Amino acid sequence: MGRRWWILTIAVAAQAAVTSLVYGLPFLLPQLRAELGLSLTEGGTLAVVPVLGVLVALIAWGAAADRFGERVVMGIGMAGTGLAGLAAAAVSGVVGLGALMVVAGVFSASITSASGRAVLGWFEASERGLAMGIRQTCTPIGVGFAALVLPAAGEAWGYRAALVVPAVLCLVLAVVVALWLLDPPRTAARTVTETRSPYRTPTLWRVHIASALLVAPQFTSSTFALTYLVTEHGWDAVTAGVVLAVVQIFGAAGRIGAGVWSDRVGSRMRPMRIIAVAVAAALMVWAFGGSTWVAVVGLVAVLIISVTDNGLAFTATAELAGPFWAGRALGIQNTGQNAMALVIAPLFAVVVTAFGWPLALSLVAALPVAAVFITPVGQRLVSTR
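Quick summary incoming for the structure in this document.

## Comments concerning the packing of helix α5 (residues 94-122) against helix α13 (residues 310-321)
Right, so step 1: One can describe the packing of α5 onto α13 by two numbers: an axis separation of 11 Å at closest approach and a directional angle of 70°. In terms of orientation, α5 and α13 fall into the roughly perpendicular class. Judged by residue contacts, Thr112, Gly116 and Leu120 of α5 engage Phe314, Thr315 and Ala318 from α13.
Right, so step 2: Looking at the contact of α5 with α13 residue by residue, the classes come out as three nonpolar, three polar and no charged.

Dropping the structure here:
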C-alpha cells in the first residue's frame, strides 16, 4: 500500500472512531429515556449535545492544523475524545453526561479538520474526489458501528457501559495516529496573494450555506431513525440498529460514488445540486408513506442519499481555500454543518411531537430545496498543495 493510501486509511479509521462516540447517542435513546426519565424532545436534545462541543472548536482546531500540522492535532484530539468518553461513561445523571459529551465533541473536532486536510494534501485534484469520497465513508462507518453495537450493548448493560466501547476505540486510534500518521509535503508561499483570505468573494460562503442546509436531512434521519422505526412501526431496537448499520454501508458507497462522479465531470457542485433534489424527493416519500413499507423505503433513501454530498462540499471547500487556509476553511465549513445539526434535532422533535411526522418531514424537505438555488456550480478543481 502506498504512503498516501495508508494515510487515508488512518484518517478514515480515526474519524470513524470519534464519530461512533460523538454521534452514537441517538442509538442509545431508548436506554437514555428509560434510565434518565427523558421525553422525546429532551432525549433528542441530549443526543446532539456533543455537537455543541464540535461547533465551538472546529475553527480553532483548523487553525492549529494550518500552523502545527495534522499529526500533532489529531493525536491530541483522539486521546482527548477517548478520555472524555470514558469519563462520560463513569458519571451518572443528565448534566454530567451532557457536559462530558460536549468535551468529547470539543476534542473530536480536531479530527474533522485535520484528517481531511491531511488527505487533501496527499492527493492530486484528478483523484481527490475519490480520495475524499473514501475519507467521508468515515461517518457512515462510525454511525454503522454505533448502530450495530450500541443498542445491543445498551440493552444488555445500560448506556454507560455501551459508551465505553467507542471511547476505548478512540484511545487505540490515538496511538495509531501518533505512531504512523505523516503530514503531507507542502511548499512555502511564493507570493502574498497565495495567503490571502478566500472569503473575499461569496463563492465559498455559498458552499458553506448550501452544505449546512443539506445536513438537516442527514441529522434528522440519523437522530430519529431508530426511534421512528421502534415507535411508528413497532420494530425491536436491536433489529432496527442492525438494519440501520447495513444501510450505512450503502451510504459509504454513495459517498465514494459521488466523489468519483465529481472527478469525472470536473465539478463538485453540479453533483451536489442534483443530490439536493434527490434528498428532498426522498424526504417527501418518507413523510407521506404513512405506516407502510413505503415510508421505510423513504427513510432508507434519505439515510443513504443525504450523506453523499458531504465529501463534495468538503473537497470543494479545501480547493477553494487553498493550502494556507484549508484548515480554517474546513473548520468554518464543519461549523456551519454542526450548527445546523445542533438546531435541527430538538426543533424537529418539538414539531413532530406537536404536529406529526408528515408536516415535520415536509419542513425539513424545504431546506435541500433551498440548497439547490444556493449551490454555486461554476467552481473549478484546483490544487491544495
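## Some remarks on the pattern of salt bridges
Two side chains that carry opposite charge are able to pair once their charged atoms sit near each other.
Right, so step 1: Applying the stated criterion to the full structure yields two salt bridges.
Right, so step 2: Ionic pairing is found between Asp263 and Arg268, a salt bridge with its closest N-O pair at 2.9 Å. No difference in accessibility class separates Asp263 from Arg268, as the two residues are buried.
Right, so step 3: Across the pair Arg268 and Glu319 runs a salt bridge whose closest N-O atoms are separated by 2.8 Å. Of this pair, Arg268 sits in the loop between α10 (237-265) and α11 (269-288) while Glu319 sits in helix α13, and the two are 51 residues apart along the sequence. Across the pair, Glu319 and Arg268 agree in class, each one buried.

## Examining the environment of Val247
Right, so step 1: Looking at the secondary structure, you find Val247 in helix α10.
Right, so step 2: Since its relative accessible area comes to 7%, Val247 is described here as buried.
Right, so step 3: In sequence terms Val247 and Leu303 are 56 residues apart; their C-alpha atoms lie 7.4 Å from each other.
Right, so step 4: Those residues in contact with Val247 that sit more than four places away from it in its chain are Val300, Leu303 and Ile304.

## Describing the packing of aromatic side chains
Right, so step 1: Overall, the coordinates contain eight aromatic pairs when judged by the stated rule.
Right, so step 2: Both rings, one in Tyr228 and one in Trp357, keep their centres 4.8 Å apart while their planes meet at 70°; by these two values the pair is edge-to-face. One end of the pair, Tyr228, is in helix α9 (residues 203-233); the other, Trp357, is in helix α15 (residues 357-374), and 129 residues separate them in sequence.
Right, so step 3: Overall, Tyr228 belongs to the buried group, its relative accessible area being 3%.
Right, so step 4: Since its relative accessible area comes to 13%, Trp357 is described here as buried.
Right, so step 5: An aromatic cluster is defined as three or more aromatic residues linked by ring pairs; in this entry it consists of Phe224, Tyr228, Trp286, Phe348 and Trp357.

Procedures and definitions
Each chain has its residues counted from 1, following the order in which its sequence is written. In keeping with the predicted nature of the model, local features appear solely for residues at pLDDT of at least 70, side-chain atom pairs appear and are counted solely at 80 or more, and the whole-chain, interface and lining totals rest on all residues. Values shown for side chains rest on all heavy atoms present in the structure; no hydrogens or waters enter the calculation. Here, axes are lines fitted to C-alpha atoms. For helices the fit covers the stretch in contact, and angles between N-to-C directions go from 0 to 180 degrees. Numbering of helices and strands runs from the N terminus, with a helix taken as a DSSP run of H or I at least four residues long and a strand as a DSSP run of E at least two residues long. By definition in this entry, angles of less than 35 degrees are roughly parallel, angles greater than 145 are roughly antiparallel, angles of 65 to 115 are roughly perpendicular, and the rest are oblique. Contacts are assigned to residue pairs that have any heavy atoms within 4.5 Å of one another. Charged means Asp, Glu, Lys or Arg here, nonpolar means Ala, Val, Leu, Ile, Met, Phe, Trp, Tyr, Cys or Pro, and polar covers whatever is left, Gly included. When a carboxyl oxygen of Asp or Glu lies within 4 Å of a side-chain nitrogen of Lys or Arg, that pair is called a salt bridge. The buried label applies to any residue whose accessible area, calculated with a 1.4 Å probe on protein chains only, is under 20% of its type's maximum; exposed applies above 50%, and partly exposed to all values in between. Pairing of aromatic rings covers Phe, Tyr and Trp, the last counted by its six-membered ring, and requires centre-to-centre distances within 6.5 Å; plane angles under 30 degrees mean stacked, over 60 mean edge-to-face, and any other angle means tilted.

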